[in-house]
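# Residue-level structure breakdown
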Amino acid sequence: MTRIRVTAPRSAARPVLQSREAAEESAVGQVFVRSLIRSQLRLALVVAGGFLLILGAFPLLLAAIPGLAESRVAGIPFDWLLLGAGIYPVTGLSAWLYIRSAARNEARYRDLAEDR
Amino acid sequence: MNPAVGIVAIAAVSVATAVIGFYGLRISRTTGDFYVASRTVRPWWNASAIGGEYLSAASFLGVAGLILLSGTDALWFPVGYTAGYLMLLLFVAAPLRRSGAYTIPDFTEARLDSRAVRRVTSLAVVIVGWLYIVPQLHGAALTIRTTTGLPAWVGSTAVVVVVCLTVVAGGMRSITFVQAFQYWLKLTALAVPFVFIVLALTDNGTPAVAAAATNPTGLAPAGPYQNISLLVALLFGTLGLPHVLVRFYTNPDGHSARRTTLIVLGLLSVFYLFPTAYGLAGRVFAPGLAQAGQADALVLLLPGRLIGGPAGELLSALVVAGAFAAFLSTTSGLVVSLAGVISQDVLGGSVRGFRLAALISATVPLGLAFMTDSLALAGSVGLVFAFTASTICPVLLLGIWWRGLTDAGAIAGMATGGLLCGGAMVAGGALGAGGTPFWLAQPAAWTVPAAFAVMILTSRATKKRVPRTITKVMTRLHTPERPLATER
């Protein structure tokens, strides 16, 4: 069991870990940092865009194919199944793919920053 | 249903919450507890706790009620509530954890090096929190009225009293265990009665779910604008909710913040299947509730209607207990994060200040709840998400990903979004549900882009004000904490 105390503000000035200080100070380090931020942002935008496309495709699919919304799977109308349950696996899969790729980006950054 | 059953269920949940809160008080006394705790909270516990705080009256009662009223259009609510967490994971989770900031005002102050930005952010956080507590109290009022027959004000007052007692006494201070327990209680409270409902229906030779598509109210279906605007509000509103963001601090590092969010997504996905199923069942077996204006009480009444006798009473008690857990956990999470902000920024950060701030944070929404009336819980929470998406979301997203953000830009953007969205909410309230044009009723689709645009343009115009600490801050936000050999 864990208890958390909330009142004390955490000051902005915290000790920063050694490797991060090195990255901040050198010009080469900043090149790596900027490239890491760019690749993380690109990854986030690609995953978000892909997810929104699939999300938008669901109602379009229902509208485009007549009769699909009314068809039944195990007695439940298909449009309810698609919107009420089908979207969650897509969300989970997007999240899982993102986490793997984000961790890979960070591993690549670490390799670069340490080999220097 | 028998009033005594409802009262016992509500009392049991309140007492259990208070007891666990007070028990936690005795052990947690120092700031150090918090930091030590932050290294030992496993992602599973933390994720359950986030789920416990996040699943509010809107999720527990409102979603099923709205599905009963408007059918598949309302399915966008649970989808948006869940997908909001995906956006949180993609754009906010790890950098926010790495910033080391505990609250959103802490983050904006550190990022933009400005006390003024901190004050504006604090104001936005307090407004969001108050607006979010009001629907919880409406939900409590509705539950008390429907299940016990007592006057409605007893419900909202009971929630505020229990939350104040536990928070002011020092317990309930974001105790991970309590919140995690309440997630599983809420899930059980919906899942177990539903299993019995399905069993009872199959025994009786169920009528097929044929009537599901029929509309019990004659409400016009929502157009694409309403659905898109709602999704904008929910997708971008989640990543600015103060009580959700606080929880990310208990992760040891950015990577585990991401893993926690992944588990939260799973927990929410499982949970939201049940309100959806209740809504669908309600359309088939209890369409009368929609005409009677009792749609939000669907989850509370359905088990009793479909399963008679003592079994029905017991299952109803379980659902009522789950509903009260939802009001208590969300309200206390919000009161704790609001009290933290108010006491630091206005009352000097002492323990006495924190207690006073907690009282203020809980009683102001109680007054608002008495003055207003709830038509649809999920709808009013949707508006709060629109407000968050127009104020806190732009400053978080641009602060994390854009070096060009300045303090002037942040303040101008938050003010624009807040005024536009707040104005739309006030105008909508004044015009009433019937007289509000659709673009005012769902304002997020234009207030969120407006806030982003003003924030970016003002920052461009005040380029010289980009803080000198920017390189250091951006490096800290985005680089992994420490090379870990095991992760390679």
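Residues numbered from 1 in each chain as written. Chains lettered and ligands numbered in written order. Predicted model: local features only at pLDDT ≥ 70, side-chain atom pairs only at ≥ 80, totals over all residues.

### Considering the overall build of chain A
Of regular secondary structure, chain A possesses 3 helices and 2 strands. Each helix (α) and strand (β) of chain A, taken in turn from the N terminus, gives the series α-α-β-β-α. Within chain A, counting contacts between residues at least 6 apart in sequence, those at least 24 apart form 63% of the total. (Helix = DSSP H or I, 4+ residues; strand = E, 2+ residues; numbered from the N terminus. Contact = placed C-beta atoms within 7 Å.)

### Thoughts on the overall build of chain B
What chain B contains, in helices and strands, is 22 helices and 0 strands. Within chain B, the fraction of its 488 residues that count as buried is 61%. Looking at chain B alone, contacts between residues at least 24 apart form 83% of all its contacts between residues at least 6 apart. (Buried ≥ 20, exposed ≤ 12 C-beta atoms within 10 Å, placed from the backbone.)

### Let's talk about the packing of helix 5 (residues 76-91) of chain B against helix 11 (residues 224-237) of chain B
All names here are of chain B. At a closest axis distance of 7 Å, the pairing of helix 5 and helix 11 adopts a crossing angle of 40°. One element, helix 5, and the other, helix 11, form an angle in the oblique class. Here helix 5 runs over helix 11; the crossing is right-handed. Along the contact surface, helix 5 presents W76, G80, Y81, A83, G84 and M87, while helix 11 presents N227, L230, L231, L234, L235, F236 and G237. Within the contact of helix 5 with helix 11, the residues separate by chemical class into 9 nonpolar, 4 polar and no charged. (Axes fitted to C-alpha atoms, helices over the stretch in contact; angles between N-to-C directions. Parallel < 35°, antiparallel > 145°, perpendicular 65-115°, else oblique. Left-handed = near helix turned anticlockwise from the far one by under 90°. Nonpolar A, V, L, I, M, F, W, Y, C, P; charged D, E, K, R; others polar.)

### Some thoughts on the confidence of the model for chain A
Residue and element names in this part refer to chain A. Confidence along chain A averages 77 in pLDDT terms, with 74% of residues attaining 70 or more. When mean pLDDT is compared element by element in chain A, helix 2 (residues 27-64) scores highest at 88, while helix 1 (residues 18-25) scores lowest at 57. Ignoring residues within four places in sequence, the model shows residues 8-18, a span with pLDDT below 50, making 16 contacts including any to other chains. (pLDDT = per-residue confidence, 0-100.)

### Quick notes on the environment of G312 of chain B
Residues and elements named next belong to chain B. As for its placement among the helices and strands, G312 is situated in helix 16 (residues 309-345). C-beta crowding within 10 Å serves as the criterion here: with 22 such atoms nearby, G312 is assigned to the buried category. Spatially, the C-alpha atom of G312 lies 8.6 Å from that of P193, the residues being 119 residues apart in sequence. Among residues more than four places away in sequence, those in contact with G312 are P303, G304 and I307.

### Quick word on helix 3 (residues 43-54) of chain B
Residue and element names in this part refer to chain B. Compared with an ideal rise of 1.5 Å per residue, which puts 12 residues at 16 Å, helix 3 spans 16 Å between its outermost C-alpha atoms and is within 8% of the ideal. Burial within helix 3 is extensive, with 10 of its 12 residues counted as buried. When we look at burial in helix 3, the residues that qualify are P43, N46, A47, S48, A49, I50, G51, G52, E53 and Y54. (Expected span 1.5 Å × (residues − 1).)

### Observations regarding helix 16 of chain B
Between its first and last C-alpha, helix 16 of chain B extends 54 Å over 37 residues, near the 54 Å set by a 1.5 Å rise per residue. Counting buried positions over the 37 residues of helix 16 of chain B gives 32, a clear majority of the element.

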